[in-house]
Amino acid sequence: MHRRPRRGWTAIGIVILLLLVAIATGIILANVDFGRYRMDASARELKSQLIAQQLTAVKFNMPVIVAIAYDRGTLTITRDANGNGTADGSEVTTTKALTDGARFVIPPVAIGGAAPYYATGPGLTYLNQSYKYPTVTFYPNGATSGEVAIYIGSAAGRLADLRALQITGASSKVTFYRFAAGAWKPVDM
């Protein structure tokens, strides 16, 4: 009888292939900056929250006040039903936390040359309430109280982790920035 040669992988061949795949994966993963991706995701989530508040203001035809509680790492969101510009006890107020270890930070430099702080810009106000946080108001016509930039970073404090979101007053458009080489660079999301 004539035997046909066996086709396929041997056990040693499979082990060698798996070893090569593991080594290549290790090299690739060592060069991936997961912190960058986490901070980008946190900035996208914050951007989504801001856009959601603009939509809420339009949908319910009432101003929405967003306070940046920088020491708590949260946004305090109030539907200003009576339109008086303050968060009254009878109005709907919710809190949204930053995600994935992000926190509000004071950057080394601010966008547009403003004095560095957790949030900057002429669109910020400070409500006369028990908390004194910078706030931005979204109006029923889709606009905000003015230009605002909000800064977030990681608990590690790496400059490469700094992100900023700039809100345009008239349209409430939100622009995403990364901090690189000592300056803010706009980035498409």
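The next thing to look at is the side chain of glutamine 166. With respect to the helices and strands, the residue glutamine 166 is situated in strand 9 (residues 163-167). Assessed through its relative accessible area of 19%, glutamine 166 is described here as buried. There is a polar contact of 2.9 Å between the side chain of glutamine 166 and the side chain of tyrosine 177. Residues within four places of glutamine 166 in sequence aside, it is in contact with Ile111, Glu147, Val148, Ala149, Lys173, Val174, Thr175 and Tyr177.

Counted residue by residue, strand 8 (residues 148-154) has seven buried out of seven residues, so it is predominantly covered. Of the two faces of strand 8, both are covered, the one formed by Val148, Ile150, Ile152 and Ser154 as well as the one formed by Ala149, Tyr151 and Gly153. As paired elements, strand 4 (residues 102-104) and strand 8 share three bridges and run antiparallel to each other. The partner of phenylalanine 104 across the bridge, within strand 8, is isoleucine 152. Relative to strand 9, strand 8 runs antiparallel, the two sharing five bridges. Looking at strand 9, one finds that isoleucine 150 is bridged to leucine 165.

Right, let's get into the packing of aromatic side chains. According to the stated counting rule, one finds six aromatic pairs in the structure shown. Relative to tyrosine 117, the ring of tyrosine 70 has its centre 5.7 Å away and its plane inclined at 70 degrees; by these criteria the two rings are edge-to-face. With a gap of 47 residues between them, tyrosine 70 in the loop between strand 1 (64-69) and strand 2 (74-79) and tyrosine 117 in the loop between strand 4 and strand 5 (119-120) connect regions that are remote in the sequence. For the ring pair tyrosine 151 and tryptophan 184, a centre distance of 5.5 Å and an interplane angle of 45 degrees mean the geometry is tilted. In this pair, tyrosine 151 is assigned in strand 8 and tryptophan 184 in strand 11 (residues 183-187), connecting sequence segments 33 residues apart. The pair formed by tyrosine 151 and tryptophan 184 is uniform in burial state, with each residue classed as buried.

What counts as what
- Residues numbered from 1 in each chain as written.
- Predicted model: local features only at pLDDT ≥ 70, side-chain atom pairs only at ≥ 80, totals over all residues.
- Heavy atoms only, no water.
- Helix = DSSP H or I, 4+ residues; strand = E, 2+ residues; numbered from the N terminus.
- Buried < 20%, exposed > 50% of the residue type's maximum accessible area, 1.4 Å probe, protein only.
- Polar contact = N/O pair within 3.5 Å; in protein donor to acceptor, adjacent residues only side chain to side chain.
- Contact = heavy atoms within 4.5 Å.
- Pairing = 2+ DSSP bridges.
- Phe/Tyr/Trp six-rings, centres within 6.5 Å; stacked < 30°, edge-to-face > 60°.

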